[in-house]
Amino acid sequence: MSARHFLTLLDLSRDELAYLIQRAIKIKNTLKTQGPTYTPFSNRTLAMIFEKSSTRTRVSFETAMAQFGGHALFLSPRDTQLGRGEPIGDTARVLSEMVDAVMIRTFSHDGLETFAASSTVPVINALTDDYHPCQLLADVMTWTECRGPVKGKTAVWIGDGNNMCHSWINAARQFDFQLRICCPQGYEPRQDILDAAGDNALIVRDPATAVRGADLVTTDVWASMGQEEEQAKRERDFDGFQVTEALLDQAAADAIFLHCLPAHRGEEISTTLLDDPRAVVWQEAGNRLHAQKALIEFLLLGQVD
């Protein structure tokens with residue numbers, strides 16, 4: 001049987017994604033009550049390739065493997081032959097002979113797909129310039145923990161049509177909720193990704209209109225990694241798109257706020273928003289660990305009762 005990869009949320013079926021969310025919640029609750037006693041990954045190794053810096057991704061994947069009784073290897077371009085020009089496919093074939101799964105955090109999504117095409121072990125997208133599906137597992141898990149099933153509910157994305165926005169669009173398709181995307185002119189998500197979502201996603205230009213009655217509001221930094229030189233221009237272009245407590249007041253009474261972090265207080269969010277009880281970003285960040293545990297378990301062992 002060929003390996004299952006997780007490059008976008010579309011790589012799993014709706015039923016498989018629903019299973020992962022519930023499995024992640026169960027893993028989290030069991031860890032709280034029993035500690036890290038479930039260790040299905042004895043002698044298993046996850047290779048972690050980082051071309052972009054990380055806090056949450058590295059810590060969550062390393063901790064996941066350790067708590068499951070396995071081992072994680074941190075690899076950067078300066079530590080491997082990838083940094084000296086070895087073809088991506090060759091590296092994938094070599095690692096497939098040595099490790100049980102590979103996690104990659106990189107720039108090019110095409111490069112990730114090339115790696116996965118040559119890998120005989122599962123490959124996990126831990127962020128590319130186009131998608132961030134692991135974050136969405138944690139986000140939907142958090143939304144579900146806080147407010148129950150997400151099907152039919154409404155989420156609002158405010159900000160750049162970036163990799164996070166693309167994954168929110170895919171999540172709307174796969175989990176069957178409505179997504180309103182609020183972005184300035186010129187910062188729309190990719191049209192093909194938006195079109196594929198059909199009625200599950202639409203663009204609403206005015207932030208106040210977008211959040212009205214919404215169940216969830218989320219955003220991201222205005223300038224992602226690699227876009228720092230655009231910071232000043234983006235601050236001008238995104239004027240009026242800051243998420244504040246007053247804006248959140250126009251959403252549903254029980255709405256929650258998410259942010260994948262790191263956050264730039266005073267830019268995409270008000271300086272005090274993360275202190276608001278509606279902001280559940282620390283729970284969201286912690287859920288990266290549990291959602292990714294469920295994902296790795298599924299890719300290596302399949303569904304577990």
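Residues numbered from 1 in each chain as written. Predicted model: local features only at pLDDT ≥ 70, side-chain atom pairs only at ≥ 80, totals over all residues. Heavy atoms only, no water.

An unreviewed UniProt entry lists the protein chain under the name Ornithine carbamoyltransferase, from Salinicola endophyticus. What UniProt states about the protein chain under its Sequence similarities (unreviewed entry) heading is, verbatim, "Belongs to the aspartate/ornithine carbamoyltransferase superfamily. OTCase family." (UniProt positions renumbered as here; feature names shortened; annotations may be inferred.)

Attention shifts here to the overall build of the protein chain. Check the secondary structure of the protein chain and you find 11 helices and 9 strands. Since a compact globule built from 305 residues should have a radius of gyration of about 19 Å, the 19 Å found for the protein chain is in line with a globular shape. Once the C-alpha set of the protein chain is aligned to its principal axes, its extents read approximately 55 × 45 × 35 Å. For the protein chain, with 305 residues in total, the buried portion stands at 57%. Within the protein chain, contacts between residues separated by at least 24 positions form 73% of all contacts whose residues are at least 6 apart in sequence. Here the protein chain displays about 12,800 Å² of accessible surface, and carbon together with sulfur accounts for 49% of that area. On the protein chain, the mean spot of the 29 positive side-chain charges and the mean spot of the 41 negative ones are 4 Å from each other. (Helix = DSSP H or I, 4+ residues; strand = E, 2+ residues; numbered from the N terminus. Rg over C-alpha atoms; globule rule 2.2 N^0.38 Å. Buried < 20%, exposed > 50% of the residue type's maximum accessible area, 1.4 Å probe, protein only. Contact = heavy atoms within 4.5 Å. Areas by Shrake-Rupley, 256 points an atom, 1.4 Å probe, with all protein chains shown as cover. Lys, Arg positive; Asp, Glu negative; His and termini not counted. Charge placed at Lys NZ, Arg CZ, Asp CG, Glu CD.)

This part is about the environment of I21. Following the sequence through the fold, I21 ends up in helix α1 (residues 14–34). A sequence separation of 224 residues divides I21 from E245, and the C-alpha atoms of the two residues are 29 Å apart. Leaving out residues up to four positions away in the same chain, I21 has contacts with L137, V140, M141, T144 and F175.

For the rest of this paragraph, the subject is the sheet that holds strand β2 (residues 71–75). With respect to topology, 4 strands assemble into an open sheet ordered β2-β1-β3-β4, the strand pairing being parallel. At either margin of the open sheet sits one strand with a lone partner, and together these are β2 and β4 (123–125). Neighbouring strand axes in the sheet, compared pairwise and without regard to direction, differ in orientation by 20° on average. In terms of strand pairing, strand β3 (residues 101–105) meets β4 through 3 bridges, oriented parallel. Looking at the pairing, V102 lines up with V123 of β4. (Pairing = 2+ DSSP bridges. Axes fitted to C-alpha atoms, helices over the stretch in contact; angles between N-to-C directions.)

Glancing now at the UniProt feature "binding site: L-ornithine" (unreviewed entry) in the protein chain. As annotated in UniProt, the feature "binding site: L-ornithine" (unreviewed entry) corresponds to N163, D220, S224 and M225 in the numbering used here. Examined against the element boundaries, N163 turns out to sit in helix α6 (residues 163–175). For N163, a relative accessible area of 9% puts it in the buried group. Those residues in contact with N163, other than ones at most four positions away along the chain, are L127, T128, D129, D130, Y131 and H132. Reaching out from N163, the side chain makes a polar contact with the backbone oxygen of T128 at a distance of 2.8 Å. (Polar contact = N/O pair within 3.5 Å; in protein donor to acceptor, adjacent residues only side chain to side chain.)

Attention now moves to the side chain of N162. With respect to the helices, strands and loops of the structure, N162 is situated in the loop between β5 (154–158) and α6. Classification of N162 as buried rests on a relative accessible area of 8%. At 3.0 Å, the side chain of N162 forms a polar contact with the backbone nitrogen of C165. Within the structure, N162 has its side chain in polar contact with the side chain of D220 (distance 3.1 Å). Not counting chain neighbours up to four residues away, the residues in contact with N162 comprise W157, D220, V221 and S224.

With parallel pairing, 5 strands are arranged side by side in an open sheet as β7-β6-β5-β8-β9. Taken across any chain shown, the strands that pair with only one partner, and hence form the sheet edges, are β7 (201–203) and β9 (256–259). Sheet twist, expressed as the average angle between the axes of neighbouring strands with direction ignored, equals 20°. Here β5 pairs with strand β6 (residues 178–182) via 5 bridges, running parallel. In the strand pairing of β6, A155 is matched with L179.

Time to look at the pattern of salt bridges. Counted under the stated rule, the structure contains 15 salt bridges. The partner of E297 in a salt bridge is R23, with the nearest N and O atoms 2.8 Å apart. Of this pair, E297 sits in helix α11 (residues 281–301) while R23 is found in helix α1, placing the two residues 274 residues apart along the sequence. Taken as a pair, E297 and R23 share a single burial class, namely buried. One salt bridge connects D130 with R190, and the closest N-O pair in it is separated by 3.6 Å. (Salt bridge = Lys/Arg side-chain N within 4 Å of Asp/Glu carboxyl O.)

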